[in-house]
Every structure is written in C-alpha cells, then in structure tokens.
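So you can see what is in the structure, the chains are spelled out below.
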Amino acid sequence: MTTIPTITLNDGVEIPQLGFGVWQVPPAEVKVATQVALEVGYRHIDTAEMYGNEVGVGEAVRESGIDRSEIFVTSKLNNGFHDPADAMVAFEKTISDLNIGYLDLFLIHWPMPAVGNFVDTWKALEAMKATGKVRSIGVSNFHAPHLQRLLDETGTVPSVDQIEVHPYLTQEPLRAFNAQHSIVTEAWSPLASGKIIGDPTIAAIAERVGKSVAQVTLRWHIQRGDVIFPKSVTRSRIEENFRLFDFELAEADILAISALNRDERTGPNPDEFNWIP
Ligand SMILES: NC(=O)c1ccc[n+]([C@@H]2O[C@H](COP(=O)([O-])OP(=O)(O)OC[C@H]3O[C@@H](n4cnc5c(N)ncnc54)[C@H](OP(=O)(O)O)[C@@H]3O)[C@@H](O)[C@H]2O)c1
C-alpha cells in the first residue's frame, strides 16, 4: 500500500501531506465518499461546520474499522461563532457531530476582518487545545497581517494556514511568510475547483510524463511541500488523485507550472469576505 508522506507541525503533530476534502459534498453523499476515500487509502479528511456534513464524515471514520489514531480529521469554526463563548459552543457541537472522540486539527475558517475579533477567537482555540479534545490548532484564509497580529498578541503560533493555492494562484509571498514562521501551508482547491483540468501547459507535461492533468497538478503541490486534500465524489478520480507517489516532476516542469500564476482566485478574497451563513 502507498505510504503517504507526513509533515511535522510546529507542535510536533504529524499530518499526512495528502488528504480528502469534502466541501460541497452533500450530507447524504458524504459518508459514502469518505468511505471510498478511506478504502482507497486516504487517512486525512478535511471538513468544516460550514459544509454541513460533519455527521457523515464521523460515521464513515467510526465504521471504517481503521484505528482512530491512523486517521487525521480537520474541522473549522464557522464564521458566526468568533465570539470566544460562541466558539467554545460551536467547537463542542463539532466534537459531538463528528463523534470520533477528538479532533486532530481545528481552524478558524475565515478571519472576518469586519467582525474584527479573531485574536480573541484564537485565544479560545488555545483554550480548546488545552482541553485535549483537539491535537493542533490553526487558521484558514489568514493573510500575513492577520497572522502577524496573532504572533504579536498571543502565545501560540498557528500550526497551519489553509489558503487557496493552485497554479493560477501560487501565493508565493504568503507561503514564504508561513514558512518563515513555521506555519505549514495547506493548499485549498488544489485543482482550482476543477478549472485546472483544461490547462494546455499542464496537459502537455501530463502527456509527456504519462499522467493526468490532475495528477501532475497535485504532484506540483506535493513537491512544493504544501498539504493538499483534493475533493471528488467520483471513485475513479478519488483513486487517481491518490496515485501521486510513483513519479516525480522535473524542476523545469515545476517552474513551468508555477509560471502559470495570474493571481486568480476561485473563492473570495479573505480581506473582503465577512459572510455569516
Ligand atoms: N478553507 C477554505 O476556505 C476552503 C475553501 C475551499 C475548499 N477548501 C477545502 O479544499 C478542498 C478541495 O477544494 P475544492 O473542493 O474547491 O476543489 P478541488 O479539489 O480543487 O477540485 C474539485 C473539483 O475537481 C473535480 N475533480 C477532482 N479530481 C479530479 C480529477 N482527477 N480529474 C478531473 N476532475 C477532478 C471534482 O469533480 P467531482 O467531485 O465531480 O469528481 C470537483 O469538481 C475542499 O473539499 C475543502 O476541504 C477549503
């Protein structure tokens, strides 16, 4: 069976570099999709309260027969719960909905600059970690100034920053900031939500190395050192996205894919996004 590399977070916890994302997987389908992923060999699932599918993810994990300690599960604090007291209630609901004993990683989903209290929210996450119900804490969609405030005003450096990254949005400055502060970058929408599949530059590389566009793109992320969790509800693609460790891209191909950057987001800009579902 394929061994997925792990990355050691700044608190010593090991995270599998490849996982399975479940954004936009409907609650009625998420259990089966997660079961397929676990059968294929994925041992890292990325969900969120906002996705409305934590219950099904938890069922798949519980019923898998795989030791809980072998599966890494991430969830995220939804945007309406930044007040520390609300955050604690939301965290307990996530723990109860997943029903898998503990969480491996819990993130502030968005910084919500108009709400403006993510420093206090972060202190609530520190308190959550102290309960032992979550092994690591981090953030998502934080830009360098948001992270700098946490570094200046709190006692814990986030373990990860989960941000949008793909060949059309390579995020070099933010990834460098993260690396400088021992924060692991997690690349969300690693396939640009599927948009990358039609890219002619990557298609030419894929043809030459005998892999698919998705595999070449995901391999590009892996060789850059980011954590990824591509989403698919299609068994053949879930399998395809797992087969990334029997080939390597040449440096010239890595550079050619990085050169596709056009700072193009598929999702909102975190500096402007203040949506409460
Ligand atoms: N923190 C955040 O704010 C945030 C935001 C967005 C996403 N995320 C996380 O990142 C994960 C991945 O992002 P994502 O769901 O936006 O997009 P993605 O993984 O970049 O792309 C998923 C899309 O590509 C298709 N696809 C997957 N594998 C393929 C393959 N081998 N060949 C062709 N098409 C393929 C999927 O189709 P089918 O499903 O139909 O097969 C789906 O439409 C999410 O599930 C979530 O866990 C986090």
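Quick look at the structure, then.

1. Considering the overall build of the protein chain
- Helix and strand counts for the protein chain come out as 10 helices and 10 strands.
- A compact globule built from 277 residues would reach a C-alpha radius of gyration of about 19 Å, and the protein chain, at 18 Å, matches this within 12%.
- Seen through its C-alpha atoms, the protein chain measures out along the principal axes to roughly 55 × 40 × 35 Å.
- Burial statistics for the protein chain: of 277 residues in total, 53% are counted as buried.
- In the protein chain, the share of contacts with a sequence separation of at least 24, taken over all contacts with a separation of at least 6, comes to 75%.
- As displayed, the protein chain has an accessible area near 11100 Å², and 52% of this comes from carbon and sulfur atoms.
- In the protein chain, the 23 positive side-chain charges and the 37 negative ones have mean positions that sit 4 Å from each other.

2. A look at the site of the ligand
- Among the 29 residues in the neighbourhood of the ligand, the closest are listed as Asp46, Ser189, Leu191, Ser232 and Thr234.
- The separation between an oxygen atom of the ligand and a polar side-chain atom of Asn141 is 2.9 Å.
- At 2.7 Å from an oxygen atom of the ligand is found a side-chain nitrogen or oxygen belonging to Lys231.
- Burial of the ligand by the protein amounts to 90% of the accessible area it has alone, namely 920 Å².
- Residue composition of the shell around the ligand, grouped by class: 13 nonpolar, 11 polar and five charged.

3. Observations regarding the packing of aromatic side chains
- Under the counting rule described, the total for this entry stands at seven aromatic pairs.
- Consider the rings of Phe118 and Phe142, whose centres lie 5.1 Å apart with planes at 70 degrees: the pair is edge-to-face. Residue Phe118 is found in helix H4 (residues 118–130), and its partner Phe142 is found in the loop between strand S7 (134–140) and helix H5 (144–153); the two are separated by 24 residues along the sequence. Take Phe118 and Phe142: they sit in the same class, and that class is buried.
- Through pairs of rings, three or more aromatic residues link up here, namely Trp110, Trp188, Phe273 and Trp275.
- Its guanidinium or amino end placed over the ring of Tyr102, Arg68 lies 3.9 Å from that ring's centre, counting from NZ or CZ.

4. What about the sheet that holds strand S4 (residues 44–46)?
- Strand order across the open sheet formed by eight strands is S3-S4-S5-S6-S7-S8-S9-S10, with parallel pairing between neighbours. The strands lining the two open edges of the sheet, one partner per strand, are strand S3 (20–21) and strand S10 (227–228).
- Pairing between strand S9 (residues 184–188) and S10: two bridges, direction parallel. The partner of Ala187 across the bridge, within S10, is Ile228.
- Across the face of the sheet, helix H3 (residues 84–98) comes into contact with strand S5 (72–77), strand S6 (103–108) and S7 while running at roughly 145 degrees to S6.

Cut-offs used in this document
- Residues numbered from 1 in each chain as written.
- Predicted model: local features only at pLDDT ≥ 70, side-chain atom pairs only at ≥ 80, totals over all residues.
- Heavy atoms only, no water.
- Helix = DSSP H or I, 4+ residues; strand = E, 2+ residues; numbered from the N terminus.
- Rg over C-alpha atoms; globule rule 2.2 N^0.38 Å.
- Buried < 20%, exposed > 50% of the residue type's maximum accessible area, 1.4 Å probe, protein only.
- Contact = heavy atoms within 4.5 Å.
- Areas by Shrake-Rupley, 256 points an atom, 1.4 Å probe, with all protein chains shown as cover.
- Lys, Arg positive; Asp, Glu negative; His and termini not counted.
- Charge placed at Lys NZ, Arg CZ, Asp CG, Glu CD.
- Near = heavy atom within 4 Å.
- Polar contact = N/O pair within 3.5 Å; in protein donor to acceptor, adjacent residues only side chain to side chain.
- Nonpolar A, V, L, I, M, F, W, Y, C, P; charged D, E, K, R; others polar.
- Phe/Tyr/Trp six-rings, centres within 6.5 Å; stacked < 30°, edge-to-face > 60°.
- Lys NZ or Arg CZ within 6 Å of the ring centre and 35° of its normal.
- Pairing = 2+ DSSP bridges.
- Axes fitted to C-alpha atoms, helices over the stretch in contact; angles between N-to-C directions.

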